[in-house]
Amino acid sequence: IYLIGGTPRAGKSTLAKKLVEMNDIPFLSTDFVLHMVSDTMPQLNLLKPYEEIPGKFFPYILNLVKHVQGTIKDYTIEGDAFLPAHVFEFQKQFAVRSCFLGFSKITLQDIKDHIGENDWLGDLSDADRQNLPNWIVEKSHILRQECEKFNIRYFDMADGLYDQNIEKAYAYLIST
């Protein structure tokens, strides 16, 4: 199982799609599962506050990994609904290869340049949109520290060219 975590807009889906294109390894975004469960059972209040999503979502992703591990040879799960501490727990039970993506610096224009297929920027208030780069950098810093603590690979998407960083992360994931 390949686990790709990180901040919003860091390239998790792009990296997962590269695994599909180059290696025929299917993927699922935790966003799909998170929103499906939340829409089906809104009383679980999984989506708010954002900082609590990984903790609330952990039992669901644990069961997802368990069921995928037993039925599919290679599979990718990507999203921001799990943390390095969760990956550390997965590694105790399952064969997983993982990395996290984040930014040491980013601008709102950088975010717009790599918007992807799910453009949720328009859903944000002007203030939240303007604060988004700082928020992503803060979350990335925390992720990087946690990755170091658990010896999980972290890629700084601001270190050089974005596409080259996707290539580096891809090469890391498929290496043995």
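Reading the values: rules and limits
Residues numbered from 1 in each chain as written. Predicted model: local features only at pLDDT ≥ 70, side-chain atom pairs only at ≥ 80, totals over all residues. Heavy atoms only, no water. Pairing = 2+ DSSP bridges. Helix = DSSP H or I, 4+ residues; strand = E, 2+ residues; numbered from the N terminus. Axes fitted to C-alpha atoms, helices over the stretch in contact; angles between N-to-C directions. Contact = heavy atoms within 4.5 Å. Buried < 20%, exposed > 50% of the residue type's maximum accessible area, 1.4 Å probe, protein only. Polar contact = N/O pair within 3.5 Å; in protein donor to acceptor, adjacent residues only side chain to side chain. Salt bridge = Lys/Arg side-chain N within 4 Å of Asp/Glu carboxyl O. Core = buried A, V, L, I, M, F, W, Y, C linked by side-chain atoms within 4.5 Å. Arc of directions from axis to C-beta.

S.K.: Break down the sheet that holds strand E5 (residues 153–156) for me, citing the residues and quoting the values.
M.R.: Sheet architecture is open: five strands sit in the order E2-E3-E1-E4-E5, paired in parallel fashion. In this open sheet, the two edge strands, each paired with only one partner strand, are strand E2 (27–29) and E5. Direction aside, neighbouring strands of the sheet carry axes that sit 20 degrees apart on average. Here helix H1 (residues 12–23) sits on the sheet in contact with strand E1 (2–6), E2, strand E3 (76–79) and strand E4 (97–102), set at roughly 160 degrees to E1.

S.K.: Describe the environment of Asp74, naming the residues involved and giving the relevant values.
M.R.: By the secondary structure assignment, Asp74 is in the loop between helix H3 (53–71) and E3. A relative accessible area of 26% places Asp74 in the partly exposed class. Residues Asp74 and Asp24, 50 residues apart in the sequence, show an inter-C-alpha distance of 8.9 Å. Within the local environment of Asp74, its side chain forms a polar contact with the side chain of Lys73, the two groups lying 3.4 Å apart.

S.K.: Can you tell me about the pairing of E3, naming the residues and giving the values?
M.R.: Judged by which residues are buried, E3 turns out to be covered on both faces: Thr76 and Glu78 on one side and Ile77 and Gly79 on the other are all buried. Pairing analysis gives four bridges linking E1 to E3, with the strands arranged parallel. Within E3, the position partnered with Tyr2 by the bridge is Thr76. Relative to E3, E2 runs parallel, the two being bridged by three bridges. Residue pairing for E3: Leu28 is matched across the bridge by Ile77.

S.K.: Go over the pattern of salt bridges with me, naming the residues and quoting the values.
M.R.: This model, assessed by the stated rule, comprises six salt bridges. Its salt-bridge partner being Glu167, residue Lys18 comes within 2.7 Å of it at the nearest N-O pair. Of this pair, Lys18 sits in helix H1 while Glu167 is found in helix H7 (residues 162–174), placing the two residues 149 residues apart along the sequence. Exposure remark for Lys18: the relative accessible area of 15% places this residue in the buried category.

S.K.: Lay out the nonpolar core in plain terms, naming residues and giving numbers.
M.R.: Formed by 26 residues in total, the largest nonpolar core has its most connected members in Leu3, Val65 and Phe100. Among the elements of the structure, helix H2 (30–40), H3, helix H4 (84–93) and helix H6 (126–150) are those that each provide at least two residues to this core. Ranked by the residues each element gives to this core, the list is headed by H3, at five residues. Non-local contacts of Phe100, meaning those with residues more than four positions away in its chain, are made with Gly5, Gly6, Phe82, Leu83, Pro84, Val87, Leu143, Cys147, Ile152, Arg153, Tyr154 and Phe155. Core analysis: the second largest hydrophobic core is formed by 24 residues, Cys99, Ile106, Ala169 and Tyr170 among them.

S.K.: Can you break down unusual backbone geometry residue by residue, with the values?
M.R.: Omega for the bond connecting Lys48 with Pro49 falls within 30 degrees of zero, at -15 degrees, which places this linkage in the cis form. With respect to the element layout, Pro49 can be found in the loop between H2 and H3. The backbone phi angle of Arg9 is positive, close to 70 degrees, even though this residue is not glycine. With respect to the secondary-structure elements, Arg9 resides in the loop between E1 and H1. For Arg9, a relative accessible area of 14% puts it in the buried group. A positive phi angle, close to 55 degrees, is found at Asp24, a residue other than glycine. Looking at Asp24, the relative accessible area reads 68%, which means it is exposed.

S.K.: Tell me about H2, and please be specific about residues and values.
M.R.: Within H2, the full set of buried residues consists of Thr30, Val33, Leu34, Val37 and Ser38. Angularly, the buried residues of H2 cover 125 degrees about the axis, an arc narrow enough to put them on a single face. What points out from H2, more than 90 degrees from its buried face, is the exposed set Phe32, Asp39 and Thr40. Contacts made by the buried residues of H2 are with E2, H3 and E3. Its side-chain oxygen 3.1 Å from the backbone nitrogen of Asp31, Ser29 forms the N-cap of H2.

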